[in-house]
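Structural description and commentary
Listed below, chain by chain, are the residues.
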Amino acid sequence: MKRLTLAGSVLMMLGLTPGVWAAALGPLPPAVDQALARAVLKELVEINTTHAYGSTGAAQAIAQHLTAAGYSASDVVLIAPPEHPTKGNVVVRYHGKGLAKPVLFLGHLDVVEARPEDWSVDPFKLTEKEGWFYGRGSIDMKDGDAAMLETLIRLKREGFTPDRDIIVAFTADEEAGGDANGPAFLLKDHRDLIDAALAINLDGGGGQYKNGDRFAFEIGTSEKTYVTYSLETTSPGGHGSLPGPDNAIYRLADGLGRLEGYHFPVMLTATTRASFEKFADLDPGPESADLRAVAKSPPDLAAAERLSQSVRLNAQLRTTCVATLISGGHAENALPQRAKATIQCRMMPGDSAEHVQAALRAALNDPKIAVTLDAPPIVSPESPPTALITAKAAHVVHSMWPGVPLVPTMATGFSDDRQTRNAGIVSYDLSGVWADVNENRAHGRDERVGMREFDESVEYTYRLMKAMSQKE
Ligand SMILES: [Zn+2]
């Protein structure tokens, strides 16, 4: 998640820290909590949790903080799949009055690989520089993990009693997306530990600066579903000197040409409708009339066609499929007996793998091109931006940053939300960090978070956890 760059570099030229923006500052946590959150962020960034190392070390460090803060050992569960001992998770339960089913907070502990020679600072040290914290995971998402851990310690110290249990799961293997994914493992084998009425994930959503102003605050309500198909054609083959009409490579290539020209039908969700309307209001540019027209029911298809010229908007408007791999033939001097292509699709929430497969077959328009589904997708239905969740989020956001517009969003990539949503738990992304719309260093070099932005996010997370623990 998260980005920042243009605005930050301009401010550095002016000798200002990113905290000193046109935007009004938000409130900070008490000094003791600010200091603790920063110390925890440093500790977590400096524990290498890339795929090769795993997340167990970070999970253990979090468990130690929690037990030292007074959580009973039985409420702090350190758990890893037996066959993946380095892919540890820690799940903590903060007991409430039992007036409603629990709320689950999610944060992944693993980070993407970072090669020190590519960075201007050591990626596995937390470096303070010109108003920024640099380090791998500083914005994706050890910032959120630190804010949640600090909040758990603060709530305990203050003797807060929530209406319902607050469960926080610090989990493994989101970035690698391997077979030790924490939420998938917990939902499959230990559902009782994390079963909840709703999940809040700090791995997405959050504030967007535009030209230094607080432009919008995103609530992630949905993601597209990742699904992959194989296309395969066969032909008799033979000697390369005797080509005939039946050639697997030409057949597949012709089909791919037809597929390139195919566009899935326009599909709107409650989220994309609301986000098109909001962005039309927020950014009155040449696109805003089309954004409003496409958000109508039924959508204005001519407007959708114009908007689809933008790759980013096209991906919001429909399921997409694209050829990503191709292979065929077996020898330079032989006719091909086989040709294969991989088609990678991102389905709109509500679309189905069967429907997409049928659409691919129709677009290829050749029964001799076999279309097969590689693996059943982890279906990720939309968690609707209900009035209740929107009001709760707005209450917290506006207590921090008055008047900021909230926008529900659909991600074209995926996060651990797909695990919880697939398991029937409505899930929302609500990170509290602000970053410039143009910044995109998560997973890249010199990943960073604004120091002021981090401090404010700690106070926000505290308010969010309290608000979301109230019964409906
Ligand atoms: Zn992440």
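Below is a summary of the structure that appears in this document. (Residues numbered from 1 in each chain as written. Predicted model: local features only at pLDDT ≥ 70, side-chain atom pairs only at ≥ 80, totals over all residues. Heavy atoms only, no water.)

A word on the overall build of the protein chain. Each helix and strand counted, the protein chain has 15 helices and 19 strands in total. Seen through its C-alpha atoms, the protein chain measures out along the principal axes to roughly 80 × 55 × 50 Å. Within the span of the protein chain, comprising 472 residues, buried residues form 54% of the whole. Excluding contacts between residues fewer than 6 apart, the proportion of contacts in the protein chain whose partners are at least 24 apart in sequence is 80%. For the protein chain, the computed accessible surface area is about 19500 Å², with 55% contributed by carbon and sulfur atoms. Measuring between centres, the 46 positive side-chain charges of the protein chain sit 3 Å from its 59 negative side-chain charges. (Helix = DSSP H or I, 4+ residues; strand = E, 2+ residues; numbered from the N terminus. Buried < 20%, exposed > 50% of the residue type's maximum accessible area, 1.4 Å probe, protein only. Contact = heavy atoms within 4.5 Å. Areas by Shrake-Rupley, 256 points an atom, 1.4 Å probe, with all protein chains shown as cover. Lys, Arg positive; Asp, Glu negative; His and termini not counted. Charge placed at Lys NZ, Arg CZ, Asp CG, Glu CD.)

Turning next to the layout of surface pockets. In this structure, the second largest pocket spans a volume of roughly 420 Å³. Around the second largest pocket sit 20 residues that line it, and Glu260, Tyr262, His263, Cys321 and Val322 are the ones nearest its centre. At the level of secondary structure, the elements contributing two or more residues to the lining of the second largest pocket comprise α7 (248-260), β12 (320-328) and β14 (338-347). For the lining of the second largest pocket, the per-class residue count stands at nine nonpolar, seven polar and four charged. (1 Å grid on protein atoms, 1.4 Å probe; cavity = no way out; pocket = protein on both sides within 12 Å on 5 of 7 lines; lining within 4 Å. Points joined across faces, edges and corners; volume = space filled by probe spheres on them. Nonpolar A, V, L, I, M, F, W, Y, C, P; charged D, E, K, R; others polar.)

Below, the discussion takes up the coordination of the zinc ion. Every protein donor of the zinc ion is accounted for by His108 (NE2), Asp140 (OD), Asp203 (OD) and Asp203 (OD), and the metal-donor separations fall at 1.9 to 2.8 Å. If you list the donors of the zinc ion from N- to C-terminus, the spacing comes out as H-x31-D-x62-D. Of this pair, His108 sits in strand β3 (residues 103-108) while Asp203 sits in the loop between β7 (198-201) and β8 (206-210); the two residues are 95 residues apart in sequence, bridging distant segments of the chain. (Donors = N, O, S within 2.8 Å, 3.2 Å for Na, K, Ca; no water.)

Tallying each qualifying case throughout the model produces 27 salt bridges. Each of Asp33, Arg154, Arg157, Glu158, Glu459 and Arg463 takes part in salt bridges that share partners, so that together they form one network. (Salt bridge = Lys/Arg side-chain N within 4 Å of Asp/Glu carboxyl O.)

Another aspect to go through is the packing of helix α3 (residues 56-68) against helix α4 (residues 142-158). Close contact between α3 and α4 brings their axes to 10 Å; oriented N to C, the two are set at 15 degrees. When the interaxial angle is binned, α3 and α4 end up roughly parallel. For the crossing formed where α3 meets α4, the hand is right-handed. Touching Ile62, His65 and Leu66 of α3 are Leu149, Leu152 and Ile153, all from α4. For the contact of α3 with α4, the class distribution of residues is five nonpolar, one polar and no charged. (Axes fitted to C-alpha atoms, helices over the stretch in contact; angles between N-to-C directions. Parallel < 35°, antiparallel > 145°, perpendicular 65-115°, else oblique. Left-handed = near helix turned anticlockwise from the far one by under 90°.)

Looking now at the sheet that holds β12. Spatially, four strands are ordered β12-β14-β10-β15 in an open sheet, and the strand pairing comes out antiparallel. Strand pairing shows two members of the sheet lacking a second neighbour, β12 and β15 (370-373), which therefore form its edges. Direction aside, the axes of adjacent strands within the sheet are offset by 25 degrees on average. When strand β10 (residues 225-234) meets β14, the two strands line up antiparallel, connected through ten bridges. In the sheet register, Tyr229 faces β14, and the bridge partner there is Ile343. Strands β10, β12 and β14 of the sheet are contacted by α7, whose axis makes an angle of about 20 degrees with β14. (Pairing = 2+ DSSP bridges.)

This paragraph deals with the packing of aromatic side chains. Evaluated as defined, the whole model comprises eleven aromatic pairs. Here the aromatic rings of Tyr262 and Phe264 are separated by 5.0 Å at their centres, their planes lie at 70 degrees, and the arrangement is edge-to-face. For Tyr262, a relative accessible area of 28% puts it in the partly exposed group. For Phe264, a relative accessible area of 4% puts it in the buried group. In this arrangement the basic side chain of Arg154 is found over the ring face of Tyr462, its NZ or CZ atom lying 3.4 Å from the centre. Sitting over the face of the ring of Phe215, Lys210 holds its NZ or CZ atom 4.5 Å from the ring centroid. (Phe/Tyr/Trp six-rings, centres within 6.5 Å; stacked < 30°, edge-to-face > 60°. Lys NZ or Arg CZ within 6 Å of the ring centre and 35° of its normal.)

What follows deals with the sheet that holds strand β4 (residues 127-129). Consider a sheet: its strands pair through backbone hydrogen bonds, and that pairing is either parallel or antiparallel. If you walk across this open sheet you meet the three strands as β4-β5-β19, and the pairing is antiparallel. Each edge of the open sheet carries a strand with a single partner, namely β4 and β19 (448-450). Sheet twist, expressed as the mean angle between neighbouring strand axes with direction ignored, is 25 degrees. Where β4 and strand β5 (residues 132-134) come together, three bridges link them in antiparallel fashion. Considered in β5, the bridge of Glu128 is made with Phe133.

This next bit is on helix α5 (residues 182-189). Looking only at α5, the buried set comprises Gly182, Pro183, Phe185, Leu186 and Leu187. Of the surrounding secondary structure, the elements contacted by the buried residues of α5 are β1 (76-79), β2 (89-94), β3, β6 (166-171), α6 (191-194) and α14 (417-422).

A few words on empty space enclosed by the protein. As enumerated under the stated definition, the model contains one cavity of 30 Å³ or more in all. Its volume calculated, the largest cavity comes out at about 40 Å³. Lining the largest cavity are Asp143, Gly144, Ala147, Leu202, Ser431, Gly432, Val433, Ser457 and Thr461. Listed by contribution, the elements that provide at least two residues to the lining of the largest cavity are α4 and α15 (451-468). A total of three residues in the lining of the largest cavity trace back to one element, the largest contributor, which is α4. Looking at the lining of the largest cavity residue by residue, the classes come out as three nonpolar, five polar and one charged.

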